[in-house]
Amino acid sequence: MSRQLPPPALSDAPLAPGLYLVATPIGNLRDITLRALDILAGCDVLLAEDTRVTGKLLAAYGIRTRLERHDEHVAERAIPGILDRLEAGERVALVSDAGTPMVSDPGYRLAREAIAAGHPVIPIPGASAALAALTLAGLPTDRFLFAGFPPPKSAARRTFLEEFANTRATLIFYEGASRVADCLADMAVVFGGTRQAAVCRELTKLYETCVRGPLDELAADPRFTAPKGEIVILVGPGVEKVASADDAEAALREAMARLPLGEAASEVAKALGLSRKDLYRQALALKDQDAKEQA
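To keep things clear, this report deals only with the structure shown in the data block.

Rules used in this analysis
Residues numbered from 1 in each chain as written. Predicted model: local features only at pLDDT ≥ 70, side-chain atom pairs only at ≥ 80, totals over all residues. Heavy atoms only, no water. Pairing = 2+ DSSP bridges. Helix = DSSP H or I, 4+ residues; strand = E, 2+ residues; numbered from the N terminus. Axes fitted to C-alpha atoms, helices over the stretch in contact; angles between N-to-C directions. Contact = heavy atoms within 4.5 Å. Phe/Tyr/Trp six-rings, centres within 6.5 Å; stacked < 30°, edge-to-face > 60°. Buried < 20%, exposed > 50% of the residue type's maximum accessible area, 1.4 Å probe, protein only.

Turning our eyes to something else, we now look at the sheet that holds strand β6 (residues 144-148). One key point about sheets: their strands pair by backbone hydrogen bonds, in either a parallel or an antiparallel sense. The mixed open sheet is built from five strands, whose spatial order is β6-β7-β10-β8-β9. This sheet does not close on itself; its edge strands, each paired only once, are β6 and β9 (209-214). For this sheet the average axis-to-axis angle between neighbouring strands, irrespective of direction, equals 20 degrees. Bridge analysis of strand β8 (residues 196-201) against β9 gives six bridges, and the strand direction is antiparallel. From the neighbouring strand, Cys200 faces β9, where its bridge partner is Cys210. Against the sheet, helix α7 (residues 180-191) contacts β7 (170-175), β8 and β10 (231-235), and its axis sits at roughly 10 degrees relative to β10.

All right, on to the sheet that holds strand β4 (residues 91-95) then. Judged by pairing direction, the sheet is parallel, and its five strands sit side by side in the order β3-β2-β4-β1-β5 without closing on themselves. On the outer flanks of this sheet lie β3 (67-69) and β5 (121-124), each paired with one strand and no other. Within this sheet the neighbouring strands show an average axis-to-axis angle of 25 degrees, counted without direction. Taken together, the four bridges between strand β2 (residues 45-48) and β4 define a ladder with parallel strand orientation.

A word on the packing of aromatic side chains. Taken as a whole and assessed by the stated rule, the structure comprises five aromatic pairs. Considering the side-chain rings of Phe146 and Tyr174, the 4.9 Å spacing of their centres and the 65 degrees angle between planes classify their relative orientation as edge-to-face. Residue Phe146 is found in strand β6, and its partner Tyr174 is found in strand β7; the two are separated by 28 residues along the sequence. Of the residues examined, Phe146 reaches a relative accessible area of 32% and is grouped as partly exposed.

Here it is as structure tokens:
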């Protein structure tokens with residue numbers, strides 16, 4: 001039986017004034033950094049999405065810092081007062097319910113205003129569900145894109161997903177448990193059923209799971225019919241689509257109608273990943289061809 005370790009000693013060094021963006025655990029309360037505990041204990045006020053959730057974390061470590069609610073409902077009207085506190089030299093810390101503030105979180109408004117006002121903004125890194133899932137999924141990690149929550153309705157969700165269909169990076173989505181099955185089904189349609197993916201649930205918690213496989217298999221998996229807990233869906237990188245000769249000519253003709261030949265060739269080369277030199281030659285040939293047809 002493992003021995004319960006005591007809370008680590010906190011630093012008594014005074015904090016510099018500023019806004020501290022503090023990452024907190026996404027499940028396991030021991031996934032908190034020593035520096036984060038120093039900030040939580042040493043700040044003048046702690047802003048939290050849900051003071052009840054953050055209160056449990058503070059109680060676990062014997063921290064008695066004053067808590068104030070700061071969620072999307074109060075953020076707009078609360079920001080001027082917080083800026084006044086920063087102007088007065090106070091130490092203000094911001095946390096989300098779990099993980100890193102600013103990631104799918106309304107806290108970015110406060111950070112933006114604090115930066116604009118010239119106040120120090122200090123990140124205190126730590127847990128992140130997106131990064132924890134990425135390390136667990138078994139998908140490429142050299143390039144990834146966090147896409148947040150897809151829209152709740154299928155038609156809007158498919159339109160949203162189509163933006164990322166050919167993205168050559170591992171895609172990371174957050175999704176509500178009640179919509180996971182429908183979201184996976186739409187992903188299988190938009191991205192292709194053979195696209196490799198992973199569904200991570202309850203990360204760092206007792207029932208942590210990660211199910212990996214093609215999207216069509218995940219969409220049909222009965223475990224995602226009515227799952228519980230927090231869900232992260234990851235989809236492997238798309239395959240770059242090679243433009244056909246017809247695609248190149250159509251894009252080139254459209255650009256030539258608006259731009260000089262050189263600029264048209266540059267625009268199409270950038271959009272389709274083709275050689276500008278070759279496209280410029282093709283543009284000259286198309287111009288000559290059109291001139292002969294009109295003669």
